[in-house]
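Each chain, letter by letter, is given below.
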Amino acid sequence: MSYQPVLTARLGKIDPASLSDYEAAGGFQALARAMELGPKAVVELLREAYLLGRGGAAFPAGIKWKAVSEAPAPKYVIANADESEPGTFKDRILMEGDPFALVEAVIIAAFAVGAEQGYIYIRGEYPLAIARVQHAVNACYNAGYLGHDILGTGFHFDLEVRKGAGAYICGEETALFESIEGKRGFPRLKPPFPTEYGLFGRPTVINNVETLLCVLPLVLRGLEWFRNIGPEKSPGPKLYCLSGRVQRPGLVEAPMGTTLRTLIYDYGGGVTGSGELGGVLLGGAAGVFVGPEHLDVPLDFAGLRSIDAVLGSGVVMVFDTSVDMKAVLRRIARFFRHESCGKCYPCQLGTQRQYEIVERLATDRLRPGDLLALREIGQTMRDASICGLGQTASGAVLSALDRLGYDEVSNRFARFNENEGVLSPASGLSSPLELYSHVGHPHPSSH
Amino acid sequence: MSDTPIPVHIDDRVVMATPGITVLAAAHAAGIAIPTICYHDHLTANAVCRICVVEWMGSRTLVPACVAKVQPNARIYTNSERVRTARRVILEMLASAVDLSEAPELQVLLTEYGADPHRFGPDVVRREHGAVKVDNPFYVRDYDKCILCWRCVQVCAEDVQFTFALGFNGRGFDTSIATFFDRPMPETTCVFCGNCVGVCPTGALKGKREYMAAQTGSPPTR
């Protein structure tokens, strides 16, 4: 527990609307340092840090930056702040509490890759984040951090805030490009990848908010500091979105590779409800369930891959044994049915058929052949869908059947009592205000 | 890029393919059939139906043959168990949602892959749109038969006509091809070129005379 939070260090301590507060708390020192180092050195730093994308796909950010830095102009940088994965709230808290940090990080990205135009694409359901980031952008223009000849270096960069309109798919990077271009948010075929053919068909760096914020302490504190946090293959700080049936849900900043046990019992204060852990949903609706036997697996990209799980965007949603797991699965299946964009057949049709079967599962009306169909639909969506939405739309449902003690004959999850409804807000999914109150602060263990 | 043919392993055969062509083209040139639904020789391939997926060794997911370009020494299987399962399930789901009675090529595929569209039960949700749209003198739109292959949208847009009368409504399973705000065709930018009718593979779009003849047993009087 000797880890000192850096990504969340300013939250609640500075006025998010005050540029001078931000500067007094170390703001824009990273930009100054980056400008001393020069674009090439910043890109190299990122590559050597092996910073993996925090939005869910875990792609090395340095590889994106290097490719775009070597590509011809015009090119773009984009902050993907369309945080829509159920159970994810880290980027919202960062933008609401420390909006200047995001703006500074985007400026550094643009400086490093040589982009003169950037966008911050924020989920439309985040009005406060939109207002605060927009305010920060305006203040940075007035202070000379954005626009012409930034800090007298001759570097020019314009930054625009764009709002999403409520579609989950628009967090998929290529659908996000389409959305900024004024089109319907359909994902594109890849390849070509964004570093080659991105926004408006130009080379584009697109990173998650948390990934970008990792750049600030990396530039200021250096490679060695960064690589000494967490595991060798995916180092750095990580934000975990702890929710569900725990005493103290909230945002946790901890080293990458922290175990579930530490998160749930040390930070979260233990399991509520029945008090007995039933399962954990990692990575959100697009993630997978793991059971209590995986409490000691490190929550990093490699560690979770070894047990066929994912870290995704850092969602750790805890379910105790009194939860009606079948109702949870129905809710997840309904989510994907609602959010499929409709472009490719496997997801467009599969999310509907999956929902119908899970609906029967949840209401004890399963028919012979339903479970086989559910598995085949899941495999087909995972194998043949265009984008990550369809490829992950069956992960939670199928992993729950495989790992949480589901019995086909009785259609029951043996470990769960089914004597309560689905999670209600009162039972653990906290309000954002409550989340603020213990950001980044570990609590004494209660087990 | 050099035009020197490169070796590609398709179904354990070495096929020499021109760099830059698709897996679909390379396979067809070698006499290996890969089924397609949305693909059309003269239109931009969007790979939406995914029926042409193949197993490309080393790739996490299956790969759509209509857009994936050949690469030297790639090992590709066009008819593996994994491929056949994906194709069969896509066909089953499609046939359980849409009226394919006037889509003979799809009927052939359903048989070939042993697809059972009834496996999802009698109360399965179908994609139904109500009455056939008869709003102009030239063609009718019967969206219960629409498989969302996108061909009509593409010929109406950059692939042929540049009229942009057709787009999308709804999302996911409830996606439909539609005019802007669902306006009747004469109120749109449609120039009644007929290209959309020509590329429709399922009878969702057809000439009004043909439609009326089927309805009444005789062609309409002029």
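Our subject is the structure listed above.
Quick look at the structure, then.

Parameters at a glance
Residue positions within a chain follow its written sequence, with the count starting from 1. Written order determines the labels here, with chains lettered from A and ligands numbered from 1. Totals for whole chains, interfaces and linings use all residues, but because this is a predicted model, local features are given only for residues with pLDDT of at least 70 and pairs of side-chain atoms are given and counted only at 80 or more. Side-chain descriptors were evaluated using all non-hydrogen atoms of the structure, hydrogens and water having been removed beforehand. Think of it this way: any DSSP run of H or I at least four residues long counts as a helix, any run of E at least two long counts as a strand, and we number them from the N terminus. This radius of gyration counts C-alpha atoms alone. The globule rule is 2.2 Å times how many residues there are, raised to the power 0.38. Relative accessible area decides the class of each residue, using a 1.4 Å probe on protein chains only: under 20% of the type maximum gives buried, over 50% gives exposed, and in between gives partly exposed. Working rule for contacts: check all heavy atoms of both residues, and any pair within 4.5 Å makes them a contact. Computed with the Shrake-Rupley method and a 1.4 Å probe, the accessible areas treat only the protein chains shown as cover for residues. By convention, the term buried area covers the 1.4 Å-probe accessible surface removed from two parts as they join, with the contributions of both added. A carboxyl oxygen of Asp or Glu within 4 Å of a side-chain nitrogen of Lys or Arg is what we treat as a salt bridge. Pairs of N or O atoms within 3.5 Å make up the polar contacts considered here, provided that, within protein, one atom can donate a hydrogen while the other can accept it, and that residues adjacent in sequence are counted only when both atoms are side-chain atoms. Think of it this way: a Phe, Tyr or Trp ring, Trp meaning its six-membered ring, pairs with another when their centres are within 6.5 Å, and the plane angle makes it stacked under 30 degrees, edge-to-face over 60, tilted otherwise.

Overview of the overall build of chain A
Inference 1: Looking only at helices and strands, chain A has 18 helices and 11 strands in total.
Inference 2: For a compact globule of 447 residues, the expected C-alpha radius of gyration is about 22 Å, and chain A comes in at 22 Å, within 12% of that figure.
Inference 3: Its C-alpha atoms give chain A principal-axis dimensions of about 70 × 50 × 35 Å.
Inference 4: Scored against the burial criterion, the 447 residues of chain A give a buried share of 63%.
Inference 5: Sequence separation of 24 or more characterises 71% of the internal contacts of chain A that already satisfy a separation of 6 or more.
Inference 6: Taken as a whole, chain A presents about 15900 Å² of accessible surface, with 52% of it coming from carbon and sulfur.

Quick word on the interface of chain B and chain A
Inference 1: With 42 residues of chain B in contact, the opposing surface of chain A contributes 35 residues.
Inference 2: Between chain B and chain A, a total of about 3100 Å² is buried, with carbon and sulfur atoms accounting for 54% of that surface.
Inference 3: Three residues, Met93, Arg171 and Phe173 of chain B, lead the burial of chain B against chain A; their summed loss comes to 22% of the area buried on that side.
Inference 4: Inspection of the region where chain B meets chain A yields 6 salt bridges.
Inference 5: Linking chain B with chain A are 20 residue pairs in polar contact (both at pLDDT 80 or more).
Inference 6: Broken down by secondary-structure element, the contributors of at least two residues to the side of chain B that touches chain A are α2 (81-97) and β7 (167-169) of chain B.

Here we look at the packing of aromatic side chains
Inference 1: Applying the stated criterion across every chain yields a total of 21 aromatic pairs over all chains.
Inference 2: Taken together, a centroid distance of 4.8 Å and an interplanar angle of 75 degrees make the contact between Tyr168 of chain A and Phe335 of chain A edge-to-face. In this pair, Tyr168 of chain A sits in the loop between β3 (158-163) and α8 (173-180) while Phe335 of chain A sits in helix α13 (residues 325-339), placing the two residues 167 residues apart along the sequence.
Inference 3: The class for Tyr168 of chain A is buried, based on a relative accessible area of 12%.
Inference 4: With 6.1 Å between their ring centres and 75 degrees between their planes, Phe162 of chain B and Phe164 of chain B make a pair best called edge-to-face.
Inference 5: Among the residues examined, Phe164 of chain B registers a relative accessible area of 47% and is labelled partly exposed.
Inference 6: Each residue in the set Tyr22, Phe28, Phe100 and Tyr145 of chain A is aromatic and connected to the rest through ring pairs, giving one cluster.

Examining the pattern of salt bridges
Inference 1: Following the criterion strictly, the structure yields 39 salt bridges over all chains and no others.
Inference 2: Arg162 of chain A is the salt-bridge partner of Glu160 of chain A, the closest N and O atoms lying 2.9 Å from each other.
Inference 3: Given a relative accessible area of 26%, Arg162 of chain A falls into the partly exposed group.
Inference 4: Note that Arg337 of chain A and Asp174 of chain B form a salt bridge whose closest N and O atoms lie 3.2 Å from each other. With Arg337 of chain A in helix α13 and Asp174 of chain B in the loop between β7 and β8 (176-178), the pair connects residues from two separate chains.
Inference 5: Taking the relative accessible area as the measure of exposure, Asp174 of chain B reaches 42% and is therefore partly exposed.
Inference 6: Counted as one network, the salt bridges with shared partners bring together Arg54, Lys90, Asp91, Glu210 and Lys238 of chain A.

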